[in-house]
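A structural walkthrough
Spelled out from the first residue to the last, the chains are:
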Amino acid sequence: MTVLVTGGAGFIGSNFVFHMMKEHPEYRIVCLDALTYAGNLSTLEGVLDDRNFRFVKGDIADRDLVYSLFDEDRPDVVVNFAAESHVDRSIEDPEVFLRTNIIGTSVLMDASRRCCVKRFHQVSTDEVYGDLPLDRPDLFFTEDTPLHTSSPYSSSKAGADLLVLAYHRTYGLPVTISRCSNNYGPYQFPEKLIPLMIINALSDRPLPVYGKGENVRDWLYVEDHCRAIDLIIHHGRVGEVYNIGGHNEMKNIDIVRLILRELGKPESLITHVADRKGHDLRYAIDPAKMHGELGWLPETRFRDGIVKTIRWYLDNENWWKDIVSGHYKIVEQGLVERCR
Ligand code: NAD
Ligand code: TDX
């Protein structure tokens, strides 16, 4: 079995590569990643020489490259993590989000049709449902919640989701989609809330909280997300959407305070800054379908996961310091050469 993992040099994709190589050592894993600012090949250094692993640097929207990769590697399953993933960047400059997240997904699906892949799995997000009000804790996103996006990022992900379902209906492509809540854990790029706050706190720099910090996210430890996708590609029903998340709702300000407490740093580092434009208020997933059909439940409670995550950033200073200094892009060329 050959699994093509796109975006495998990013946060969730790399954790998924490690998960699959551990759980399915007989599978061949091919990783296609453009190594944008968010891709870090050093993350995958430990598996680059594994004979069941291949890394290819390339853009999912590059049709010639994608077709020749499919012709060479004949993937059975495609799991598409590759995306522009940061909401704030999409507000500054939407275009690359449309190209990667929508056009890139369609190119991958065209290649998947040509090669008759057995499953095309699209990694989507709960942000396609828009947001929920803060004063209605009884409301959750289900798979039937209408798409109602707020940012260029979430709109591009919703556009991709619609295309994926259209390829299923029109061409019979065997697709599944997962819509997950906010992930946290090792190897998350330090532009996202949790790693940014940990790193700024460690460096005694201000912690920029948007607005009052009252916005709520439903946090999932990344390994729980990887386990869920593994289950969906093996046992999920073709044409279906699965919500992944697990009643771990937290206000941003409470997370920031918790991180400061764990690191023994003062709350005076918190700096309230201008709110994000169009800032979604609350995300909360109802994971009943994942649980009922596939027996999945999150295993890591937020309290344990955040402590593990903080410990990981403390123990892996070189990983994030290389990103902060830009050194990770200097060592990248040598690593890419090693993969040829
Ligand atoms: P990330 O930004 O850490 O990684 C994205 C990876 O995709 C990077 O390695 C990057 O180099 C690669 N990439 C970007 N454009 C590419 C292109 N054109 N061709 C090939 N590779 C390209 O993102 P992440 O947080 O790991 O998210 C992975 C996926 O999961 C995304 O599709 C995202 O929408 C989705 N998701 C993320 C979260 C979250 O909390 N991080 C939650 C739900 C869903
Ligand atoms: O500096 C910050 N200050 C702050 O208050 C940053 C970076 C964020 N925030 C707030 C905005 C959000 O309410 O923290 C919350 C989380 O922000 P992000 O880490 O940027 O995540 P979010 O916008 O919720 O989107 C994430 O979850 C869904 C991922 O980045 C997406 O890829 C995923 O689809």
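Above this text is the structure in question.
A few points on the structure. (Residues numbered from 1 in each chain as written. Chains lettered and ligands numbered in written order. Predicted model: local features only at pLDDT ≥ 70, side-chain atom pairs only at ≥ 80, totals over all residues. Heavy atoms only, no water.)

Where a strand is regular, its side chains alternate between the two sheet faces. Most of strand β1 (residues 2–6) is tucked away: 5 of the 5 residues are buried. Of the two faces of β1, the one lined by Thr 2, Leu 4 and Thr 6 and the one lined by Val 3 and Val 5 are each fully buried. Both β1 and strand β2 (residues 28–33) contribute to a ladder of 5 bridges, which runs parallel. Within the sheet, the bridge partner assigned to Val 3 lies in β2 and is Ile 29. (Buried < 20%, exposed > 50% of the residue type's maximum accessible area, 1.4 Å probe, protein only. Helix = DSSP H or I, 4+ residues; strand = E, 2+ residues; numbered from the N terminus. Pairing = 2+ DSSP bridges.)

This part takes up the site of ligand 1. Every one of the 28 residues lining ligand 1 counts as a neighbour, but Ile 12, Asp 33, Ser 85, Tyr 153 and Lys 157 are closest to it. Note that an oxygen atom of ligand 1 is positioned 2.8 Å from one of the backbone N or O atoms of Ile 12. Measuring from an oxygen atom of ligand 1, one finds a backbone N or O atom of Gly 39 at 3.5 Å. Mapped by element, the contributors of at least two residues to the shell around ligand 1 are α1 (11–23), β5 (119–125) and α5 (152–171). Looking at the shell around ligand 1 residue by residue, the classes come out as 13 nonpolar, 12 polar and 3 charged. (Near = heavy atom within 4 Å. Polar contact = N/O pair within 3.5 Å; in protein donor to acceptor, adjacent residues only side chain to side chain. Nonpolar A, V, L, I, M, F, W, Y, C, P; charged D, E, K, R; others polar.)

Contacts to ligand 2 come from 21 residues, most closely from Thr 125, Glu 127, Tyr 153, Arg 276 and His 279. Note that a nitrogen atom of ligand 2 is positioned 2.8 Å from one of the backbone N or O atoms of Pro 208. For ligand 2, an oxygen atom lies 2.7 Å from a polar atom in the side chain of His 279. Considering ligand 2 on its own, with 660 Å² of exposed area, one finds that the protein chains cover 93% of that surface. At the level of secondary structure, the elements contributing two or more residues to the shell around ligand 2 comprise α6 (193–202) and β8 (207–210). Its residues placed into classes, the shell around ligand 2 shows 9 nonpolar, 7 polar and 5 charged. (Areas by Shrake-Rupley, 256 points an atom, 1.4 Å probe, with all protein chains shown as cover.)

Turning our attention to the nonpolar core. One finds Phe 16, Ile 29, Leu 44, Phe 53, Phe 55, Val 79 and Ile 244 to be the most contacted residues of the largest nonpolar core, which totals 38 residues. Judged by nonpolar contacts, the second largest core, of 32 residues, contains Tyr 184, Ile 255, Val 256 and Tyr 328. (Core = buried A, V, L, I, M, F, W, Y, C linked by side-chain atoms within 4.5 Å.)

Let us now look at α1. With 13 residues, α1 extends 19 Å between its outermost C-alpha atoms, agreeing within 8% with the 18 Å of an ideal straight helix rising 1.5 Å per residue. Counting buried residues along α1, 10 of its 13 residues qualify, which places the element largely inside the surrounding structure. For α1, the set of buried residues is Phe 11, Ile 12, Gly 13, Ser 14, Asn 15, Phe 16, Val 17, His 19, Met 20 and Met 21. The secondary structure elements touched by the buried residues of α1 are β1, β2, β3 (53–57), β4 (77–80), β7 (183–184) and α7 (222–235). (Expected span 1.5 Å × (residues − 1). Contact = heavy atoms within 4.5 Å.)

Another aspect to go through is the sheet that holds β3. Taken together, the 7 strands give an open sheet; going across it, the order is β3-β2-β1-β4-β5-β6-β11, and neighbouring strands pair in parallel fashion. With one partner strand each, in any of the chains shown, β3 and β11 (241–244) form the two edges of the open sheet. Looking at each pair of strands side by side, their axes are set apart by 20° on average, direction ignored. Judged from the 4 bridges that link them, strand β6 (residues 175–180) and β11 form a sheet pairing that is parallel. Note on β11: the bridge partner recorded for Ile 177 is Val 241. The strands touched by α7 within the sheet are β4, β5, β6 and β11, with β5 carrying the most contacts at an inclination of about 145°. (Axes fitted to C-alpha atoms, helices over the stretch in contact; angles between N-to-C directions.)

We now examine the side chain of Ser 124. Locating Ser 124 in the fold gives a position in strand β5. Residue Ser 124 is classed as buried on the basis of its relative accessible area of 5%.

Let's shift gears to unusual backbone geometry. Even without being glycine, Arg 74 reaches a positive phi, approximately 40°. You can see Arg 74 is positioned in the loop between α2 (63–73) and β4. Look at Cys 116: it is not a glycine, yet its phi comes out positive at around 50°. With respect to the helices and strands, Cys 116 occurs in the loop between α4 (95–114) and β5. Judged by relative accessible area, which is 62%, Cys 116 ranks as exposed.

Our next topic: the packing of aromatic side chains. With the rule as written, the count across this model stands at 16 aromatic pairs. Summarising the aromatic geometry, the rings of Tyr 37 and Phe 189 are spaced 5.2 Å apart at their centres and angled 85° between planes, so their arrangement reads as edge-to-face. One end of the pair, Tyr 37, is in the loop between β2 and β3; the other, Phe 189, is in the loop between β7 and α6, with 152 residues separating them in the sequence. Across this residue pair, the class does not change: Tyr 37 and Phe 189 are buried. One aromatic cluster in this structure is built from Phe 18, Tyr 187, Trp 312, Tyr 313 and Trp 319. The ring of Tyr 171 is capped by Arg 113, whose NZ or CZ atom sits 3.5 Å from the centre of that ring. Taking the ring centre of Phe 140 as reference, the NZ or CZ of Arg 282 above it sits at 5.5 Å. (Phe/Tyr/Trp six-rings, centres within 6.5 Å; stacked < 30°, edge-to-face > 60°. Lys NZ or Arg CZ within 6 Å of the ring centre and 35° of its normal.)

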